[in-house]
Amino acid sequence: MRPTRAALLVAAAALTPALLFAAPALAAGAPAPAASALSTTPVTPTPATACPAVPSGTGTPVDEMTEAELRAAIQGVLADVNAGKGVLREANEALGGTVDTLRAFLETGCRTAQAEDDTVSVLRILGVATQNGDKRVMREADNLLDTRAPEALRAFLETGYALAQAEDDTVAVLRILGAATQNGDKRVIRAANDTLDARTPEALSSFRWTGYRLAQAEDDSVYIVRMLADPDISDAMYAAIQTVLDDGSPEALRHFRTVGQYEIDG
């Protein structure tokens, strides 16, 4: 293992076990766990950016717009495919009102509705982060929901969330690496180290939610095939191994290695 990661692994080991995957070991010699089947891939927010600046630095200030210009601006808000329910609701209501109603939406109403939608997005992120045990995301989302500051909500969705999620993904990858090192899972060790060398949010997320599962399946397959070389293997164990290898799914291989083999008599 790379020496510079030793201290990080020690620190990661002290963090929540909810980041880990796989069933608990049921017998001596069972592999250390690596990521929970209950985990859910984090959401990727797509915050709308249609609420116009007031006053516009290049166009006509809202308080000088004609009714036609006001309506066109609100139609632009409605055209944003990422606009949330609150913004869509308020924009449509504004279009049914007076010129003053149109102007009020563009000056303040759009941002108020956007803050409502952003709050919903942060709540969704918090729910998934709680399920996954992602402590940094949980802490930042909780702080935002305590204050509900529109600018802070928007900044979190646009940049802060990705950074916090990358930090939690790094912890998860370090814990996966620690378990793989303990178990001698060479494919996972190599893939985890490559991910930590890259240390980009995209690489961390891809390994945690896709690459790890496939790399672990490769190591589990090697482990299970080697069991066939045991001269004292029972008929029941031999048959069970053949069945799981015929299945070949990452889930079946992982379950057999961590749980199933210890449930076979003989």
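Residues numbered from 1 in each chain as written. Predicted model: local features only at pLDDT ≥ 70, side-chain atom pairs only at ≥ 80, totals over all residues. Heavy atoms only, no water.

**Q** So, the packing of aromatic side chains: which residues are in play, and what are the values?
**A** Centre distance and the angle of the planes are the two values used to describe a pair of aromatic rings. One pass over the structure, following the stated rule, counts two aromatic pairs. Geometrically, the ring pair formed by F156 and Y161 is tilted, given 5.7 Å between the ring centres and 55° between the ring planes. Residue classification places Y161 among the buried residues on the basis of a relative accessible area of 6%. (Phe/Tyr/Trp six-rings, centres within 6.5 Å; stacked < 30°, edge-to-face > 60°. Buried < 20%, exposed > 50% of the residue type's maximum accessible area, 1.4 Å probe, protein only.)

**Q** Talk me through the pattern of salt bridges; I want residue IDs and the actual numbers.
**A** Side chains that differ in charge, positive against negative, can pair when their charged atoms come close. Here the structure, examined in full by the defined rule, presents 14 salt bridges. D185 is paired through a salt bridge with R257; the nearest N and O atoms lie 2.9 Å apart. Of this pair, D185 sits in the loop between α6 (150–183) and α7 (186–198) while R257 sits in helix α10 (residues 250–258), and the two are 72 residues apart along the sequence. Here D185 matches R257 in class, with each residue buried. Where R213 meets E251, a salt bridge forms, and the shortest distance between an N and an O atom there is 2.7 Å. With R213 in helix α8 (residues 201–227) and E251 in helix α10, this residue pair connects regions lying 38 residues apart in the sequence. Relative accessible area serves as the criterion here: at 36%, R213 is assigned to the partly exposed category. Given the relative accessible area of 45%, E251 is considered partly exposed. Among the ionic contacts, a cluster of salt bridges with common partners joins D185, D220, R254 and R257. (Salt bridge = Lys/Arg side-chain N within 4 Å of Asp/Glu carboxyl O. Helix = DSSP H or I, 4+ residues; strand = E, 2+ residues; numbered from the N terminus.)

**Q** Hey, could you go over α8 for me, with residue numbers and the actual values?
**A** With 27 residues, α8 ought to run about 39 Å at 1.5 Å a step, and its terminal C-alpha atoms sit 37 Å apart, in line with that. Along α8, the helix axis deviates most sharply at G211, where the bend reaches about 50°. Residues L204, F207, R208, W209, Y212, A215, Q216, A217, D219, D220, I224 and M227 constitute the buried set of α8. Where α8 is buried, its residues meet α4 (99–132), α6, α7, α9 (235–247) and α10. (Expected span 1.5 Å × (residues − 1). Bend = angle between axes of the 7 residues up to and from the residue. Contact = heavy atoms within 4.5 Å.)

**Q** Describe the environment of T98, and please don't skip the residues or the numbers.
**A** Along the polypeptide, T98 turns up in the loop between α3 (85–95) and α4. Overall, T98 belongs to the partly exposed group, its relative accessible area being 47%. Measuring from C-alpha to C-alpha, the distance between T98 and E67 comes to 9.0 Å, with 31 residues separating the pair along the chain.

**Q** Any chance you could break down the environment of T170 for me, citing the residues and the numbers?
**A** Mapped onto the elements of the fold, T170 is located in helix α6. Contact partners of T170, with chain neighbours within four places excluded, come to L196, R199 and L204.

**Q** Tell me about the packing of α3 against α4, residues and numbers included.
**A** Between α3 and α4, the least distance of the axes is 8 Å, while the angle of their chain directions is 165°. The orientation of α3 relative to α4 falls into the category roughly antiparallel. Of the two elements, α3 crosses α4, and the hand of that crossing is right-handed. Here α3 contributes K85, G86, V87, R89, E90, A91, A94 and L95 to the contact with α4, which in turn contributes T101, L102, F105, C110, A113, Q114, E116 and D117. For the contact of α3 with α4, the class distribution of residues is eight nonpolar, three polar and five charged. (Axes fitted to C-alpha atoms, helices over the stretch in contact; angles between N-to-C directions. Parallel < 35°, antiparallel > 145°, perpendicular 65-115°, else oblique. Left-handed = near helix turned anticlockwise from the far one by under 90°. Nonpolar A, V, L, I, M, F, W, Y, C, P; charged D, E, K, R; others polar.)

**Q** Help me get a handle on α7, residues and values and all.
**A** Over its 13 residues, α7 runs 18 Å from end to end, which matches the ideal 18 Å to within 8%, given 1.5 Å per residue. When α7 is considered as a whole, its buried residues turn out to be V188, A191, A192, N193, T195 and L196. Buried positions along α7 lie against α6 and α8. Count one or two residues on from α7 and you reach R199, which has phi positive near 50°.

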